[in-house]
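The lines below spell out each chain.
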Amino acid sequence: MSKNILVTGGAGYIGSHTVLQLLLGGYKVIKMVGIVGISLIIDKLLLVQRGNTLIIKQSYWVVRFDAVIHFAGLKAVGESVEKPLLYYDNNVIGTITLLEVMAAHGCKNLVFSSSATVYGWPKEVPCTEESPLSAVNPYGRTKLFIEEICRDVHHSDPEWKIILLRYFNPVGAHPSGHIGEDPRGIPNNLMPFVQQVAVGRRPALTVFGNDYATKDGTGVRDYIHVVDLADGHIAALRKLSDPKIELAFNPTSYAIIGCEVYNLGTGKGTSVLEMVAAFERASGKKIPLVMAGRRAGDAEIVYASTKKAECELDWRARYGIEEMCRDQWNWASKNPYGYGSPESNGVMK
Ligand code: UDP
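All values reported here derive from a predicted model rather than from experimental measurement.

Asker: What am I meant to see in unusual backbone geometry here?
Answerer: With the exception of glycine, the majority of residues adopt a negative phi angle, and the majority of peptide bonds are in the trans configuration. Of note, the bond from valine 125 into proline 126 is cis; its omega dihedral lies within 30 degrees of zero at -5°. With respect to the helices and strands, the residue proline 126 is situated in the loop between β7 (109-115) and α4 (138-156).

Asker: Explain the nonpolar core here, please?
Answerer: Soluble, globular proteins show a tendency: their nonpolar side chains are buried together. Leu165 and Leu237 are the most contacted members of the largest nonpolar core, which totals 30 residues. Contributions of two or more residues to this core are made by β1 (4-8), α1 (13-24), β6 (67-70), β8 (161-167), α6 (226-241), β15 (259-264) and α8 (307-313). Looking at which element gives the most residues to this core, the answer is α6, with 8 residues. Not counting residues up to four positions away in its chain, the partners in contact with leucine 165 are Val111, Phe112, Ser113, Ser114, Ser115, Gly232, His233, Ala236, Tyr262, Leu264 and Leu313.

Asker: How do you make sense of the state of the cysteines when you look at a structure like this?
Answerer: Cysteine pairs can be covalently joined through their sulfur atoms, and such a bond is termed a disulfide. Summed over the entire model, instances satisfying the criterion amount to 0 disulfides. Cysteine 259 takes part in no disulfide bond, and the closest cysteine sulfur to it belongs to cysteine 150, at a distance of 5.5 Å.

Asker: Could you clarify how one ought to interpret the site of the ligand in this entry?
Answerer: For the ligand, the set of nearby residues contains 14 residues, the closest of which are Thr206, Phe208, Arg221, Arg295 and Asp298. Side-chain polar atom of asparagine 189 to an oxygen atom of the ligand: 3.2 Å apart, as the coordinates give it. Arginine 221 places a side-chain nitrogen or oxygen 2.7 Å from an oxygen atom of the ligand. Taking 520 Å² as the accessible area of the ligand by itself, protein coverage stands at 87%. Looking at the shell around the ligand, the element that brings in the most residues is strand β10 (residues 205-208), giving 4 residues. By residue class, the composition of the shell around the ligand is 6 nonpolar, 5 polar and 3 charged.

Asker: How do you make sense of helix α7 (residues 272-283) when you look at a structure like this?
Answerer: Within an α-helix, residues lying three or four positions from one another point in the same direction, as the helix has 3.6 residues per turn. Between its first and last C-alpha, α7 extends 16 Å over 12 residues, near the 16 Å set by a 1.5 Å rise per residue. Count one or two residues on from α7 and you reach glycine 284, which has phi positive near 70°.

Asker: How should the packing of helix α5 (residues 190-198) against α7 be read in this particular structure?
Answerer: Axis angle and axis distance: for two packed helices, these are the angle between their axes and the distance between the axes, and together they describe the pair. α7 packs onto α5 with a crossing angle of 40° between their chain directions and a minimal axis gap of 11 Å. The orientation of α5 relative to α7 falls into the category oblique. Handedness of the crossing formed by α5 with α7: right-handed. Counting all contacts with α5, which are made through Leu190, Met191, Val194, Gln195 and Ala198, the residues of α7 involved are Val272, Met275, Val276 and Phe279.

Asker: Is there a simple way to think about the environment of leucine 20 in this case?
Answerer: Along the chain, the position of leucine 20 falls in helix α1. On a C-alpha basis, the gap between leucine 20 and isoleucine 179 in space is 9.7 Å, while along the polypeptide they are 159 residues apart. Filtering out sequence-adjacent residues up to four positions away, leucine 20 remains in contact with His174 and Ile179.

Asker: Help me understand helix α3 (residues 84-104) in this model?
Answerer: A rise of 1.5 Å per residue sets the reference length of α3, with its 21 residues, at 30 Å; its end C-alpha atoms lie 29 Å apart and thus fit the reference within 8%. Remark: the principal bend of α3, roughly 25°, maps to isoleucine 93. Three or more residues of α3 are buried, namely Tyr87, Asn90, Asn91, Val92, Gly94, Thr95, Thr97, Leu98, Leu99, Val101 and Met102. Residue glycine 106 follows α3 closely and has a positive phi angle near 70°.

Asker: Help me understand the pairing of β8, please; the structure alone is not making it clear to me.
Answerer: The two faces of a sheet get side chains in turn, since along a regular strand they alternate between them. With respect to burial, β8 is a largely interior element, 6 of its 7 residues being buried. The sheet contact formed by β7 and β8 spans 7 bridges and is parallel. By the bridge assignment for β8, phenylalanine 112 is matched with leucine 164. Crossover β7 to β8 through α4 is right-handed.

Reading the values: rules and limits
Residues numbered from 1 in each chain as written. Predicted model: local features only at pLDDT ≥ 70, side-chain atom pairs only at ≥ 80, totals over all residues. Heavy atoms only, no water. Helix = DSSP H or I, 4+ residues; strand = E, 2+ residues; numbered from the N terminus. Core = buried A, V, L, I, M, F, W, Y, C linked by side-chain atoms within 4.5 Å. Buried < 20%, exposed > 50% of the residue type's maximum accessible area, 1.4 Å probe, protein only. Contact = heavy atoms within 4.5 Å. Disulfide = S-S within 2.5 Å. Near = heavy atom within 4 Å. Polar contact = N/O pair within 3.5 Å; in protein donor to acceptor, adjacent residues only side chain to side chain. Areas by Shrake-Rupley, 256 points an atom, 1.4 Å probe, with all protein chains shown as cover. Nonpolar A, V, L, I, M, F, W, Y, C, P; charged D, E, K, R; others polar. Expected span 1.5 Å × (residues − 1). Axes fitted to C-alpha atoms, helices over the stretch in contact; angles between N-to-C directions. Parallel < 35°, antiparallel > 145°, perpendicular 65-115°, else oblique. Left-handed = near helix turned anticlockwise from the far one by under 90°. Bend = angle between axes of the 7 residues up to and from the residue. Pairing = 2+ DSSP bridges. Right-handed = clockwise from strand over helix to strand, strands pointing away.

Interpretation in functional terms is not warranted from these geometric data alone.
The following block contains the structure:
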């Protein structure tokens, strides 16, 4: 029997790709479009606004959900430094509200979007789920706090089954070219910026630091195809409905899922210059570079240990950086202004 899944933030970059994979996988999906600034009715859910937080009015929760995937949240690191309360309100209070409503309706299965940002500046790579955690900005702190809140909620009521997914660096787009990433304003992340240079919207990529102790001096990250990442959520949902796990770090023992955390990455580190070269090959475009100093707060080298997700969720990334760049270029060349238009310089009407 197909399952009903509520997806918050279902119109965002990762959310939209996950909704598509869910539908292809036979799930029934109800999508909430973000947590900020919207009042809307989707099906029979009435969403009203309290401050910056959307509430799912309880009397309208008429569909029985088997699980919730909670993507909605703010994610710009720089903005979080300037407006910490906005981030705590939206991300932390928004999640608490969601958890309250879920509990009130007896839906206690949650998949939450955490981030590799909780590893801070890792002393050792690959990052395993046991690596030390630290937050280096308010955005990262909201992810850490929400992880802890989820652990406490499970501890208080073991009926809760929660999977926290720590995303590494999602890039690429759906191979159809119909959906992809379309950030507002100047992109903070590497690949959306590269993409905008390739389509002529920006003159050059600024490379933040070429004096790191890495293969070519530029920062190293674990880039993961957004479709692989989306599939990681399907694997997590499967685990919530079949909660017995063979433990990766103790293969002779089993556990029943409680509140469990998994890295979603490829396990491979790629430098900024390697990523740019791969995108140039995929697009046939030259990406002009401007070398600059390090960006404040940036880690040198971050990549995932994938062992736990492979063993316990039976999931692993299928695509490499060639496919990531191919699919991102396919999306970019079909939609150079994203979901917007040249007149609006990419801003949606
Ligand atoms: N980066 C860069 N120029 C940019 C954006 C990012 O050189 O315009 C570098 C950044 O310093 C880091 C890597 O690209 O080494 C990935 O940055 P991103 O912001 O995408 O991810 P994060 O640093 O959050 O992992």
